[in-house]
Amino acid sequence: MRRNLAHHLNGLRFFEAAARHLSFTRAAEELCVTQAAVSHQVRALEEALSLQLFERRPRQVNLSPAGTRLLAVLSSSFDHIESVLDELKRQGSSSLQLAVTPSFSSRWLMPRLPHFWGAHPDIELHLHHTAQADALARGAADAAIIWTHGSPEKPGRLWAQRLFGTALSPVCAPGLARPDAPLSEPEALRHYPLLHEDSFEDWQRWMQAAGVADARVQQGPVIDDSNALLMAAMSGRGVALGRLALVADDLRSGRLIRPFECSIEADGAYWLIASQTTAEQPRFKALAAFLQAEAKTPTEHHPG
């Protein structure tokens, strides 16, 4: 039995707060007690251990060597306990925190979510719009949908499932084409600004697939956000290589047109990732099954 620990738990909690802040006043504010209560608990702990944990000076306290050593252990232990409690709370909750990029959310996920909510009204799906792929590692989400080249790394207990890849094809605003350079053949793209998402490589690959020799693709703005790239294309700033899985609604509505049938496979895919612990939970299994089913539904648009 841990009799010593049981007797000192309250004092250790008060000491950790005071040591972390190096202030009894701020510790009292955090713990919602009086400064005198913090001081009393710390004194009692010091007497029980026969150790001085603080070096007290007028208007200032510093940790003693023993206090420094104890704080390191307590901070690590309390952080771990809090992490486990948060995880247990999420397991017992009906909510599910999903991290997703804004472009994927608005252009693919959101139009489909009403079907999920209708089928699973008991699951509270909370979306966190972020471009950070480390949302799981930071504890900001239970699961995430990421775009990655190849399969995601699986350190520790990471669970991963491929949803889908997509083709890339030129898209632009309906009024972009000029009478003196109609977009009837891929060679006409020489006369238009090309918009790039990450680098010039995708346009280079597309030009080669379309049979355009000596294409000058090493020019034009690079926009590293899919939504911003497509907005630039819609506003007539140039021609972008759109991920067809994400622009299907824009093509159907006429906000964008796809002047050429030629497409290439994007060098990447969307993956659903989660910890192994989350992957075993019924609410996540329901979401994963829904996303996998939706991923098999054709969304890409033919030239028009």
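Each value, and the rule that gives it
- Residues numbered from 1 in each chain as written.
- Predicted model: local features only at pLDDT ≥ 70, side-chain atom pairs only at ≥ 80, totals over all residues.
- Heavy atoms only, no water.
- Pairing = 2+ DSSP bridges.
- Helix = DSSP H or I, 4+ residues; strand = E, 2+ residues; numbered from the N terminus.
- Axes fitted to C-alpha atoms, helices over the stretch in contact; angles between N-to-C directions.
- Core = buried A, V, L, I, M, F, W, Y, C linked by side-chain atoms within 4.5 Å.
- Buried < 20%, exposed > 50% of the residue type's maximum accessible area, 1.4 Å probe, protein only.
- Contact = heavy atoms within 4.5 Å.

1. Re the sheet that holds strand β6 (residues 158-164)
Taken together, five strands build an open sheet; the order of strands is β4-β3-β5-β11-β6 and the sheet is mixed. Of all strands in the sheet, those with a lone pairing partner are β4 (124-129) and β6, marking the two edges. Within this sheet the neighbouring strands show an average axis-to-axis angle of 25 degrees, counted without direction. Where strand β3 (residues 95-100) meets strand β5 (residues 143-148), three bridges bridge the pair, whose relative direction is parallel. The residue bridging V100 from the neighbouring strand is I145, located in β5.

2. Remarks on the sheet that holds strand β10 (residues 264-265)
Spatially, β8-β9-β7-β10 is the arrangement adopted by the four strands of the open sheet, whose pairing is mixed. The two strands at the open ends of the sheet, each matched to only one other strand, are β8 (194-195) and β10. Summarising the sheet, β8 and strand β9 (residues 239-243) pair through two bridges and their orientation is parallel. Bridge pairing in β9 links L194 to V239.

3. Digging into the nonpolar core
With 27 residues, the main nonpolar core has F104, I145, L272 and L291 as its most contacted residues. Elements with a contribution of two residues or more to this core: β3, α5 (102-109), α6 (113-119), β5, β6, α9 (244-253), β11 (269-275) and α11 (282-295). Broken down by element, this core gets its largest block of residues, seven residues, from α11. Setting aside anything within four residues of it in sequence, one finds L272 in contact with L98, A143, A144, I145, W159, A160, Q161, L163, F284, A288 and L291. Listed in part, the 20 residues of the second largest apolar core include A188, V217, I264 and A266.

4. Brief notes about the side chain of E294
By the element assignment, E294 lies in helix α11. Judged by relative accessible area, which is 18%, E294 ranks as buried. When sequence neighbours within four positions are dropped, the list of residues in contact with E294 reads W108 and R112.

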